[in-house]
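The lines below spell out each chain.
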Amino acid sequence: MKYFPLKILLFLVVMTVVAHFATVSLLERYLEYTYTRGIENIYIGDTTPLFEGRLSLSENISRNIDGFLLRKSLILTGASVDVRVTSGGAVWVYPQPLDLNADRLAPPSAAEVAAENFRLMNQGLSVSVRILLGWNALLVVVIFIFYILLAAGIFAYFYVSGARRAKRDEKEKQQEIDRLRELERHHEQRAEALAREKKQLSLDIAETRKNLLEYKDNAGRMEDAMIDEIIALEEKIRKNMELAEALRHENEALKEVTGRYEDEKKRGSRKSALYGNVEKRFKALYKNIVFHKRALEGFMDLTDDMKIKAEEVVRQIDADPAAANIKRKVDLRKSREKIFEAMFAYNGRLYFRNTRDGKVEILAIGNKNTQVKDMTFLDTF
């Protein structure tokens, strides 16, 4: 389609990926901040059992943090959460460390536990939270679906606008053709009327001449008047003939303009049909090659001989890309894509690259005359 929003599509694809990564990164930072504040508010809880020695500080913190994380499990489905609590910046309190008193014959007394709890809390506790949202995390999937739907909505708007514009242009062109045809019909009717008038004037002249011959002897005094009338009639005939000739030329010009409109419309339809046939044929013949729209358009603009040579190179690339006549690796200023240039028919140029799925994408096909435009396209690809 003439007004297909290709640039908008590429922009939306890039911006969807960038916005998705940026949002996920910001969300991770926000969740880390929120979870840190939330854990800091509940991780110690009631200090009475701690100071009485009925519960160790590590056990109490583990119970409170594990309960907090369990309540938040739905939000962080598929995410990796790493929570650490240290005392004095060095002693690991959570996750609960190994019990160093397990080898003792008797467990520590309540007074010892209370003293240890007081010592750890007196050194100062610090909370560290690290959250990593994986690709299968619920929030990541929801964010990705949101941006996909947003991009699809924007693309649909521009696509519908382009389709309406193309339809409007086609309607205006058809209206102009109809107007010219109506004008042509009107001029033809006018020319026919002038022809009938000319015929009638010829009959009048013949009748006048007949009357002149019949009354020549008796109407000598009327001779000059009748001659003037004949002259006037002949002058009128001449003017009518000139007007008819002018109308004929104008009618031919209108036919030429109408023909050009018709030819332009037929060429557009024929080019679209040929484009679709070439694209279908290439997809059926070359399974290992993906053709860019610009490559198909460039192929259609080649001469028949160059099309044959170009398709030989395409067949070689489809069978074995290494066997193609690669002239050089294209040196691009802005893009880091590895794009190769293959030659055909002396001045033909074919540009392609290898894709991640093991196929080859042909980006552009042209000749020496289109090389500057092709390089500009590749540099912005």
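Preceding block: the structure.
Residues numbered from 1 in each chain as written. Predicted model: local features only at pLDDT ≥ 70, side-chain atom pairs only at ≥ 80, totals over all residues. Heavy atoms only, no water.

1. Regarding a negative patch on the surface
To be explicit about the condition: Patch building starts from residues that exceed 30% relative accessible area and form no salt bridge, then joins like charges within 9 Å and nonpolar side chains (Val, Leu, Ile, Met, Phe, Trp, Tyr) within 5 Å. In short, Shrake-Rupley with a 1.4 Å probe defines the accessible areas, and a residue's cover is counted only from the protein chains shown. Throughout this description, the term salt bridge denotes a Lys or Arg side-chain nitrogen within 4 Å of a carboxyl oxygen of Asp or Glu. Residues scored as positive are Lys and Arg, those scored as negative are Asp and Glu, and His as well as the terminal groups of each chain are ignored. Every charge is mapped to an atom, namely NZ of Lys, CZ of Arg, CG of Asp or CD of Glu. Secondary structure elements follow DSSP: runs of H or I no shorter than four residues count as helices, runs of E no shorter than two count as strands, and numbering proceeds from the N terminus. Classification of residues uses two cut-offs on accessible area relative to the type maximum, computed with a 1.4 Å probe and protein chains only: under 20% is buried, over 50% is exposed, and between them is partly exposed.
There is a patch of like negative charges on the surface, built from Asp204, Glu207, Glu214 and Glu229. With 3 residues, the single largest contributor to the negative patch is helix 5 (residues 138-214). Overall, the relative accessible area of 31% leaves Asp204 in the partly exposed class.

2. Here we look at the sheet that holds strand 7 (residues 348-354)
The line we're drawing: Two strands make a pair as long as DSSP finds a minimum of two bridges between them. Axes here refer to lines fitted to C-alpha atoms; in helices the fit is confined to the stretch in contact. Angles between the N-to-C directions go from 0 to 180 degrees.
Taken in spatial order, the 5 strands line up as 4-8-7-6-5 in an open sheet, and their pairing is mixed. Looking at strand neighbours, the two that pair on one side only are strand 4 (289-291) and strand 5 (326-329), the edges of this open sheet. Each neighbouring strand pair of the sheet contributes to a mean axis angle of 30°, computed without reference to strand direction. Across 7 bridges, strand 7 lies against strand 8 (residues 360-367) in antiparallel orientation. By the bridge assignment for strand 8, Asn354 is matched with Val360.

3. What about the packing of aromatic side chains?
Operational definition: Paired rings are identified among Phe, Tyr and Trp, the last through its six-membered ring, by centres lying within 6.5 Å, and are further divided according to the angle between planes into stacked (under 30 degrees), edge-to-face (over 60) and tilted (the rest).
Inspection of the entire model under this criterion finds 9 aromatic pairs. The interplanar angle of 65° and the centroid separation of 5.1 Å between the aromatic rings of Phe282 and Phe299 together place this pair among those described as edge-to-face. Note that Phe282 is positioned in helix 6 (residues 223-285) and Phe299 in helix 7 (residues 293-300), a separation of 17 residues in sequence. Here a set of aromatic residues connected by ring pairs shows up, and it is made of Phe282, Tyr286, Phe291 and Phe299.

4. A short note on helix 9 (residues 371-379)
To keep things clear, this is the line we draw: Only heavy atoms enter the contact rule, under which two residues are in contact if any of them lie within 4.5 Å.
Along helix 9, the positions that sit buried rather than exposed are Gln371, Asp374, Phe377, Leu378 and Asp379. Elements that come into contact with the buried residues of helix 9 comprise helix 7, strand 5, strand 6 (339-344), strand 7 and strand 8.

5. Some details on a nonpolar patch on the surface
On the surface, a nonpolar cluster with roughly 430 Å² of combined accessible area is contributed by Val141, Phe144, Ile145, Ile148 and Leu149. Given a relative accessible area of 58%, Leu149 falls into the exposed group.

6. What to know about the packing of helix 1 (residues 6-42) against helix 3 (residues 57-71)
What counts is decided by this rule: When an angle is under 35 degrees it counts as roughly parallel; over 145 it counts as roughly antiparallel; between 65 and 115 it counts as roughly perpendicular; any other value is oblique. Each helix crossing is assigned a hand: it is left-handed if the near helix lies turned anticlockwise from the far helix by less than a right angle, otherwise right-handed if that turn is clockwise. In this classification, the charged set is Asp, Glu, Lys and Arg, the nonpolar set is Ala, Val, Leu, Ile, Met, Phe, Trp, Tyr, Cys and Pro, and all remaining amino acids, among them Gly, are polar.
At their nearest, the axes of helix 1 and helix 3 sit 9 Å apart, and the two run at 140° to each other. The orientation of helix 1 relative to helix 3 falls into the category oblique. Regarding helix 1 and helix 3, the two cross each other, and that crossing is right-handed. Across the interface between the two elements, Tyr35, Gly38, Ile39 and Ile42 from helix 1 touch Asn64, Ile65, Phe68 and Leu69 from helix 3. For the contact of helix 1 with helix 3, the class distribution of residues is 6 nonpolar, 2 polar and no charged.

7. Brief notes about the pattern of salt bridges
Side chains bearing opposite charge may pair, as long as their charged atoms lie close to each other. Following the criterion strictly, the structure yields 14 salt bridges and no others. Between Glu311 and Arg281 there is a salt bridge, with the nearest N and O atoms lying 2.6 Å from each other. On the criterion of sequence distance, the pair formed by Glu311 in helix 8 (residues 304-319) and Arg281 in helix 6 is long-range, its members being 30 residues apart. Its relative accessible area of 33% is what places Arg281 among the partly exposed residues. Several salt bridges share partner residues, and in doing so they unite Glu28, Arg29, Glu32 and Arg130 into one network.

8. Brief notes about the packing of helix 1 against helix 5
Orientation of helix 1 relative to helix 5, taken along the N-to-C sense of each, is 155°, at an axis distance of 10 Å. One way to sum up the angle between helix 1 and helix 5 is to call them roughly antiparallel. Read as a crossing pair, helix 1 and helix 5 show a hand that is right-handed. Residue-level inspection shows Ile8, Leu9, Leu12, Thr16, Ala19, His20, Thr23, Val24, Leu27 and Leu31 of helix 1 in contact with helix 5, the latter providing Leu139, Val140, Ile143, Phe144, Tyr147, Ile148, Ala151, Ile154, Phe155 and Phe158.

9. Overview of unusual backbone geometry
Glycine aside, residues mostly have negative phi angles, and peptide bonds mostly take the trans form. One non-glycine residue, Ala345, lies in the positive phi region at around 55°. Checked against the element boundaries, Ala345 lands in the loop between strand 6 and strand 7. Judged by relative accessible area, which is 33%, Ala345 ranks as partly exposed. A positive phi angle, near 70°, is found at Tyr346, a position not held by glycine. Along the chain, Tyr346 turns up in the loop between strand 6 and strand 7.

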